[in-house]
Amino acid sequence: MKKKVYLHNKSLLREFLKDANTYTSEEFKDLPEDALVITPIGYTSPLERHDIKNVKFKIVLENLYEGSSTLIRLLYDFGFLKSVLRGDCPVICSGEAPEQCTALNINYFLYKTGQANLHNRNYKIKITEKPYTFLCLNNRPRPHRTKLLKHLKSFNLLGNALWSNLLLNDPKNGEIVRLPKEFDMPELDKSENISLRLMEWDQWLAGPAVPKQYDNTYFSVIAESTIKHRYSFFTEKVYKPIIMGHPFITLASKNYYPDLRKIFRTFEPYIDEVFSIHNDWESRTSAVVREIDRLVYDRNLVNFLKNVNPICRENQERFWKLYDEYPQTTEIKLRKYLSQLGGQV
């Protein structure tokens, strides 16, 4: 007999499983033993971790903002990593997970970023000369971002770039670099802590793409959230340039480009993406910078934009098709996954 599925009343999955039973944090401990209970887990989780561990019913962990290394770190911090790696505790997330996990990746950032950019849906890049070479936005400090910026600086590539390094607004993390005021979001002008406002999910100012930033640069340089593990994790950092029709070079995990090509086109032969095949992240970083250097100093970036524009247009069309279909396709994936776990919505 199938287990009845219960969703927390603050679960993001309620949008896709509208007919599912729901529960509150207060009702959690009293759910029936034969239930399949989806519970959000995170640093602002509505449930305490010890409450989640000490139940008799089957648990499915949910965090749609984490994947790859960030998911692994979260599970470790909450004491669930071993049980998830054994396959004992299923998880629904937004990025690739280790193969031995019973995980469902629903690529939630595609939908979340689309929601934040509906006003940019028909945006088209103008193929003209630009005042800046590339766009490179950085907020949370991570070792690979620090190394990337250091390499770019050593190649004298930052002088003509439009770039930021907000470092969580904490000078202890290094020198804070903001965008020129005319390229920043107006909402951030009076913000005492820009970094936190970019990351707060209720307003999520990191989500909307700012057209001026893309109008005035030829391509985007992205340092994704995860790099050290091989598992891919696509966030708003890549979806924003796709939405804006902006070519991009991404420093990310080993599986990132092969998995991305299953959904979108990348930019070979106009960008030599051999950097993506290096096994270690430091070699990928060096190779990424060498390719950026080649693009910039070829001094023919307008022609580059002309060549990649059909790819960018195709990716924009693919993105919005996936966005429009996302609620239905995600509902189908969730129902199939939960059925495989013995649940019935």
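These numbers come from a predicted model, not from an experiment.

## Considering the environment of glutamate 96
Turning to step 1, where the next piece is worked out: Looking at where glutamate 96 falls in the secondary structure, it is placed in the loop between strand 5 (91–93) and strand 6 (103–105).
Turning to step 2, where the next piece is worked out: In the structure, glutamate 96 is positioned 68 residues away from serine 164 in sequence and 28 Å away in space, judged by C-alpha atoms.
Turning to step 3, where the next piece is worked out: With residues near it in sequence (within four places) discarded, glutamate 96 still touches Gly67, Ser68, Asn105, Arg230, Tyr231, Ser232, Asn255 and Asp259.
Turning to step 4, where the next piece is worked out: Polar contacts involving the side chain of glutamate 96 include one to the side chain of asparagine 255, which spans 3.3 Å.

## Concerning the packing of aromatic side chains
Turning to step 1, where the next piece is worked out: Counting across every chain of the model gives 23 aromatic pairs.
Turning to step 2, where the next piece is worked out: Each ring, one from phenylalanine 16 and one from tyrosine 326, has its centre 5.6 Å from the other, and the planes form 70°; the classification is edge-to-face. Of this pair, phenylalanine 16 sits in the loop between strand 1 (3–8) and strand 2 (21–23) while tyrosine 326 is found in helix 11 (residues 301–340), placing the two residues 310 residues apart along the sequence.
Turning to step 3, where the next piece is worked out: Since its relative accessible area comes to 3%, phenylalanine 16 is described here as buried.
Turning to step 4, where the next piece is worked out: By relative accessible area, which is 5% here, tyrosine 326 ends up buried.
Turning to step 5, where the next piece is worked out: Aromatic side chains phenylalanine 319 and tryptophan 320 sit 5.0 Å apart centroid to centroid with 85° between the ring planes, which places their arrangement in the edge-to-face category. The two residues phenylalanine 319 and tryptophan 320 agree in class, both being buried.
Turning to step 6, where the next piece is worked out: Above the ring of phenylalanine 80, the side-chain terminus of lysine 53 is found at 5.5 Å from the ring centroid.

## Re the pairing of strand 3 (residues 35–40)
Turning to step 1, where the next piece is worked out: Within strand 3, six of the six residues are buried, which leaves it mostly tucked inside the rest of the structure.
Turning to step 2, where the next piece is worked out: Bridge analysis of strand 1 against strand 3 gives four bridges, and the strand direction is parallel. When the sheet's bridge partners are listed, tyrosine 6 is paired in strand 3 with valine 37.
Turning to step 3, where the next piece is worked out: Direction of pairing for strand 3 relative to strand 4 (residues 58–62): parallel, over a ladder of five bridges. Paired with valine 37 across the bridge in strand 4 is isoleucine 59.

## Re the pattern of salt bridges
Turning to step 1, where the next piece is worked out: Overall, the coordinates contain 15 salt bridges when judged by the stated rule.
Turning to step 2, where the next piece is worked out: A salt bridge links arginine 335 to aspartate 19; the shortest N-O distance between them is 2.7 Å. With arginine 335 in helix 11 and aspartate 19 in the loop between strand 1 and strand 2, this residue pair connects regions lying 316 residues apart in the sequence.
Turning to step 3, where the next piece is worked out: Taking the relative accessible area as the measure of exposure, arginine 335 reaches 27% and is therefore partly exposed.
Turning to step 4, where the next piece is worked out: A salt bridge links glutamate 291 to arginine 294; the shortest N-O distance between them is 2.6 Å.

## Looking at unusual backbone geometry
Working note: non-glycine residues mostly have negative phi, and peptide bonds are mostly trans.
Turning to step 1, where the next piece is worked out: Omega for the bond connecting glutamate 268 with proline 269 falls within 30 degrees of zero, at 10°, which places this linkage in the cis form.
Turning to step 2, where the next piece is worked out: Position of proline 269 among the secondary structure elements: in the loop between helix 9 (256–260) and helix 10 (281–297).
Turning to step 3, where the next piece is worked out: For asparagine 107, which is not a glycine, the phi torsion comes out positive at approximately 50°.
Turning to step 4, where the next piece is worked out: For asparagine 107, the position within the fold is in the loop between strand 6 and helix 4 (108–116).
Turning to step 5, where the next piece is worked out: In the Ramachandran plot, asparagine 156 falls in the positive-phi region, its phi being about 60° despite a non-glycine side chain.
Turning to step 6, where the next piece is worked out: Within the secondary structure, asparagine 156 sits in the loop between helix 5 (143–154) and strand 8 (162–163).
Turning to step 7, where the next piece is worked out: Its relative accessible area of 61% is what places asparagine 156 among the exposed residues.

## Examining the environment of proline 32
Turning to step 1, where the next piece is worked out: Mapping proline 32 onto the fold places it in the loop between strand 2 and strand 3.
Turning to step 2, where the next piece is worked out: Its relative accessible area of 32% is what places proline 32 among the partly exposed residues.
Turning to step 3, where the next piece is worked out: Each C-alpha atom of the pair proline 32 and leucine 12 lies 22 Å from the other, and the pair is 20 residues apart in sequence.

## Here we look at the sheet that holds strand 10 (residues 248–251)
Turning to step 1, where the next piece is worked out: Read from one edge to the other, the open sheet built from four strands follows the order 8-7-9-10, with strand pairing classed as parallel. If you trace the sheet from one side to the other, it starts and ends with strand 8 and strand 10, each paired once.
Turning to step 2, where the next piece is worked out: Contacts from helix 8 (residues 236–244) reach strand 9 (219–223) and strand 10 within the one sheet, and its direction differs from that of strand 9 by about 170°.

Conventions adopted
Residues numbered from 1 in each chain as written. Predicted model: local features only at pLDDT ≥ 70, side-chain atom pairs only at ≥ 80, totals over all residues. Heavy atoms only, no water. Helix = DSSP H or I, 4+ residues; strand = E, 2+ residues; numbered from the N terminus. Contact = heavy atoms within 4.5 Å. Polar contact = N/O pair within 3.5 Å; in protein donor to acceptor, adjacent residues only side chain to side chain. Phe/Tyr/Trp six-rings, centres within 6.5 Å; stacked < 30°, edge-to-face > 60°. Buried < 20%, exposed > 50% of the residue type's maximum accessible area, 1.4 Å probe, protein only. Lys NZ or Arg CZ within 6 Å of the ring centre and 35° of its normal. Pairing = 2+ DSSP bridges. Salt bridge = Lys/Arg side-chain N within 4 Å of Asp/Glu carboxyl O. Axes fitted to C-alpha atoms, helices over the stretch in contact; angles between N-to-C directions.

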